[in-house]
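Architecture and fold: a report
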Amino acid sequence: MSSRTAKASLAAGLALSVCALAGCSSSSGPAAGGGGARTGNIRVLANITPVLTKAYYQGLVAPFVKSHPGVTVTIESPSGTNVQSTLQQELVSGSAPDIVASTLDPVVAQQMIAFPDSSWVTSTPLSDSNKVDGKIWQVATGQQNQSLVYYNQTAFQKAGITTPPKSLAEFTADLAKLKGAGYVGLQTAGEWVTGAQFSMMANPGLLGDDPGWYAERNKKKVTFEQSAYNTYLKAYEGWIKTGAVPKNSLGEKYQTSIDTFLAGKSGMFVMGSWLNASVNSAKNLSFKVGVFPTPTADGSTPKQMSGQAQPYSILKSSKHQGLALDLVKYLVTDKSAVTASLKSEGNFRAGYSYPGTELDAAVGKIVDTAPGTVNGTAGPGVNAGFGNELNTVVQSLYTGESADKAVAKLDSWWNANAGQ
Amino acid sequence: MRASKESTARPAASGAAGRSARARARRRATTADIAMMAPPLVLVAGLIIVPIAIAVYLSFTDWNGFTSPPHLIGFRNYVRLTEDSAVRHAAFLTLLITAVGTVACNVLGLGVALLLNRNNRINAFLRVLVFYPYVVGAVILGFLWSSILGTSGAVNAAVGAKHSLPFLSDPTWAVVTVICVIVWSSFGVNVVLYLAGLQTVPDSVIEAAKIDGATPWQTFWRVKLPMLAPTVTVNVVLVVIGLLRVYELILALTAGGPAGETRSFVYNILTSSFDNTQLGYGAAQSVVLMVVIVTVTVAITAARRRSEQAVAA
C-alpha cells in the first residue's frame, strides 16, 4: 500500500471515529453568538497569498487581541493544496480551526455555524447570494469584481486602438491589432488561470439574464451547448487559431503572467480587481495600465462576476464560538479593519472608501456602473470541482480540441457529477 | 532449546508426563512469542490493516468528506471508474511513466554506478551530486524545472521567442518533460543501491574472470549482473512503487496541465477526493491503486526470484 493511500485511509478512519464520537450531529455546540469562554486561543486557518500574508492577518487582528485580555489569535496557513482541502484534513483528524478565512464551497456549510440574523451580518457583501439552506455561513469584509480587462495603454496606442472594445467582435479585432503591433494580444497562463479568466469573461453572459442557470442545468432544462459558454468558447478557439493568444501560454505560471503583463509584453490581461495591488506596487512601470469591463456578445455593459472578498466562517466544532463570533464581527464591521482589508486587495464595499490610485478609481467606476453581479464557478447549485473541469476544458482548446467538443465535455461532466 | 533442556533434565519421566511438560513448554513459548509480537501487530493493524479496511468501506460510499454519515452505494464508484475518461487517461499516463521510468532509472542507475564504482575524491563528489536531486523535495524540484522550462523560463529566454520550445505547454512535450524530470530526480537512489550491490561482488571472482580472458563487457554481463540480481529486484520494485504513486513533482511542474494531460493516477485521486469533494470515489481509486501496487510488486518479486534461482542453478 502506498504511504499516501495509507495516510488518506488513516485520515478517513479518523474521520469516521470523529463522526461517531460527535454523533454525526449537525447542531451540536452552543448557538451562534451564544456561549463559549471569552478567553483563550482562536485558531484562524487563512488563505495566504503574496498580499494576504500571515503578518497581514496578524496586524488585522492585533487591535482585537489588545482589547481582549486573555485572548490570543493564531493564524495558520494551509498545509494542503488549498484552504478547503486543509480544512477537510483537519476536520477528519479532529483538529479543525475555530475560524476559516477563505472562500469555501457550499459543501462545507454544514460544518459551519449559521450566523445570527443581525444587521451586521446581513449587511456584509454578497451575504444573500451565498446562503445555503437559507443560512448565512460566510461573512465577508468586501467584494471582489472579476469581469475586468486590464490593458496596456501604450500597446493600445501603438496598435491604433482608440477606445476599449465592448463587444466580442471588437475584442477579437483588437487582439489582431495588438498582435500586429508586436504584442501578445491576451495574457494568460496555465495552472488555474486559463479557466478563471474564461469564467470572468463568460459568466456575465451565462448568468446575467438568468441567475438560476446552474439550478436549471441541474434540472436538465438548459445545456452548456445552448449557452453563452458556447459563444465564448468559439471566440476563444478563434483567438488561439489566429495566434492572438499564444499556444504556449499554458507553460506560464500565474505570477509569471502578471510579471509578463507588467513588463509590457502583452496588450490585455483578464483578471480580478485584486490585480490592482500588483499594479499599484509595481515599480518603474513603462506604461500606464487601464481597465474596462469584459466584452459581451452584444456590446452591452456586463454584470460583474463578483465574489466575497476575505470571507470568514466559524466551525461548529469550535470550543470558542462566542469569542470567534466576536472576532469575526470585529473583522467585518470595524471601520479600520474593514478599510485595511479592502485596501489590501483593491476590494469594494458600499459605504466604505479609502484613498486609492487612478486605477482603483477606474475599477470603482466600473463596479458602480455595472448593472449587477453574477456568481463564479463555485457557489450554491454548482457541483464541486466544476471550476477545475472548466479550466481543463478551456485548456483543451490549446491542445487542438474544438469548441464544439469542449462544450460537449462540459455537459458530459455536469451530467456525470450532478448531485454527487 | 527449552524443550530439549527439559527432556535432558528429566529423562526418566513417563511418556504422558513428558508430553504434558512439552505441551506446557510450547504454550509458554507461544505466549511469549505473542507477547513479543503484540506491539508490532498492533502497529501494523492500526496503521495499515484498519486504514485499508476503512478505505475499502469508503469506496462503497458516496461520502464527500464533510457531511455524514456516508451512504453505501454498492459498486457504483467502481463502475464509474471504468467510465471516467479522466481516470483512464491518468491510469495510462501513470503506466507509461512507470514503464519508461523504471527502465530509464535502472539503466541510468546501473550505468552511472558502474562509472562511479571506484573510490576516489572525484567519484565521491559525483555520487553526492547524482544523489542530490533525490534528497531535495519533489515540489521544490518541480518549481525549479518549471522556472527553467516554462514558456518564459530560462531555456526559452535563452533561445528567444522565435525558437521557443513548448516543454510544458504542448501535451506530448509536457509528458516527455515530466518523465525526464521524474527520472532525473529519482535515479540517484538507484545509483547508490547499485553501488552498494557492486561492492558485494568479490574481487576474487572478477580477477578469476579476467584471468580466464573475459572482456570487460563479458565480465559485466556474465559475472557482475547475475550477482547483482537481488539488487536489481529491489531497485525495480522501489522504482515501480514510487512511480505508480508519483504526484508532488507533477503538481509543482505542470499542475496536471496542459488540459489535464499530465494528471497522474494519484493526482486524480486527490482531485476527486479534495477538489471535487468526492472522497468515496477517491477511495475507490485508492483501492484500485493499492491492488495494482501489491499485484505488480508480488509479480516482479516472484519473477525475479525465479530468475535468480535459475541463475543459481
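Our structure's up above, just so we're on the same page.
Residues numbered from 1 in each chain as written. Chains lettered and ligands numbered in written order. Predicted model: local features only at pLDDT ≥ 70, side-chain atom pairs only at ≥ 80, totals over all residues. Heavy atoms only, no water.

Right, let's get into the pairing of strand E7 (residues 266-270) of chain A. All names here are of chain A. With five of its five residues buried, E7 lies for the most part within the structure. Bridge analysis of strand E5 (residues 148-152) against E7 gives three bridges, and the strand direction is antiparallel. Residue pairing in the sheet places Val 149 in a bridge with Val 270 of E7. One ladder, built from three bridges, connects strand E6 (residues 184-187) with E7; its direction is parallel. (Buried < 20%, exposed > 50% of the residue type's maximum accessible area, 1.4 Å probe, protein only. Helix = DSSP H or I, 4+ residues; strand = E, 2+ residues; numbered from the N terminus. Pairing = 2+ DSSP bridges.)

Residues and elements named next belong to chain B. Along the chain, the position of Pro 133 falls in helix H5 (residues 121-135). Considered as a pair, Pro 133 and Phe 167 are 34 residues apart in the sequence and their alpha carbons are 20 Å apart. Setting aside residues up to four positions removed in sequence, Pro 133 forms contacts with Leu 141, Trp 184 and Ser 185. (Contact = heavy atoms within 4.5 Å.)

We now examine the packing of aromatic side chains. Residue and element names in this part refer to chain A. Tallied over the entire structure, the rule returns 34 aromatic pairs over all chains. For the ring pair Phe 224 and Phe 386, a centre distance of 5.5 Å and an interplane angle of 20 degrees mean the geometry is stacked. Here Phe 224 is found in the loop between helix H8 (213-218) and helix H9 (228-241), whereas its partner Phe 386 is found in helix H15 (residues 386-398), with 162 residues between them in sequence. Across the pair, exposure class does not vary: Phe 224 and Phe 386 are buried alike. (Phe/Tyr/Trp six-rings, centres within 6.5 Å; stacked < 30°, edge-to-face > 60°.)

Residues and elements named next belong to chain A. On the basis of which strands lie adjacent, the open sheet formed by four strands has the order E6-E7-E5-E8 and mixed pairing. Each edge of the open sheet carries a strand with a single partner, namely E6 and strand E8 (289-293). Neighbour-to-neighbour, the strand axes of this sheet turn through a mean angle of 25 degrees, independent of strand direction. Sheet topology places E5 next to E8; five bridges connect them, and they run antiparallel. Opposite Leu 148, over in E8, you have Pro 293 as the bridge partner. (Axes fitted to C-alpha atoms, helices over the stretch in contact; angles between N-to-C directions.)

Our next topic: the interface of chain A and chain B. The interface is formed by 45 residues belonging to chain A together with 51 residues belonging to chain B. Buried area between chain A and chain B, summed over both chains or domains, comes out near 3800 Å², and the portion from carbon and sulfur atoms is 61%. The tally of links from chain A across to chain B stands at zero salt bridges. Applying the counting criterion to the chain A and chain B interface returns twelve residue pairs in polar contact (both at pLDDT 80 or more). Of all the secondary-structure elements, those providing two or more residues to the side of chain A that touches chain B are helix H1 (3-21), helix H3 (83-92), helix H10 (254-262) and H15 of chain A. Among the residues forming the side of chain A that touches chain B, the class breakdown is 14 nonpolar, 25 polar and six charged. (Buried area = accessible area lost by both parts, 1.4 Å probe. Salt bridge = Lys/Arg side-chain N within 4 Å of Asp/Glu carboxyl O. Polar contact = N/O pair within 3.5 Å; in protein donor to acceptor, adjacent residues only side chain to side chain. Nonpolar A, V, L, I, M, F, W, Y, C, P; charged D, E, K, R; others polar.)

The next subject is the environment of Thr98(B). Residue and element names in this part refer to chain B. Here Thr 98 shows up in helix H4 (residues 85-115). Look at Thr 98 and you get buried, because its relative accessible area is 7%. On a C-alpha basis, the gap between Thr 98 and Val 246 in space is 9.0 Å, while along the polypeptide they are 148 residues apart. Excluding its chain neighbours within four sequence positions, the residues that come into contact with Thr 98 are Val 240, Leu 243 and Leu 244.

This next bit is on empty space enclosed by the protein. Summed over all chains, the structure comprises three cavities of 30 Å³ or more. As for the largest cavity, its lining consists of 13 residues, of which Glu191(A), Leu250(A), Glu252(A), Leu253(B) and Thr254(B) are closest to the centre. Residues of the lining of the largest cavity, tallied by class, amount to four nonpolar, six polar and three charged. (1 Å grid on protein atoms, 1.4 Å probe; cavity = no way out; pocket = protein on both sides within 12 Å on 5 of 7 lines; lining within 4 Å. Points joined across faces, edges and corners; volume = space filled by probe spheres on them.)

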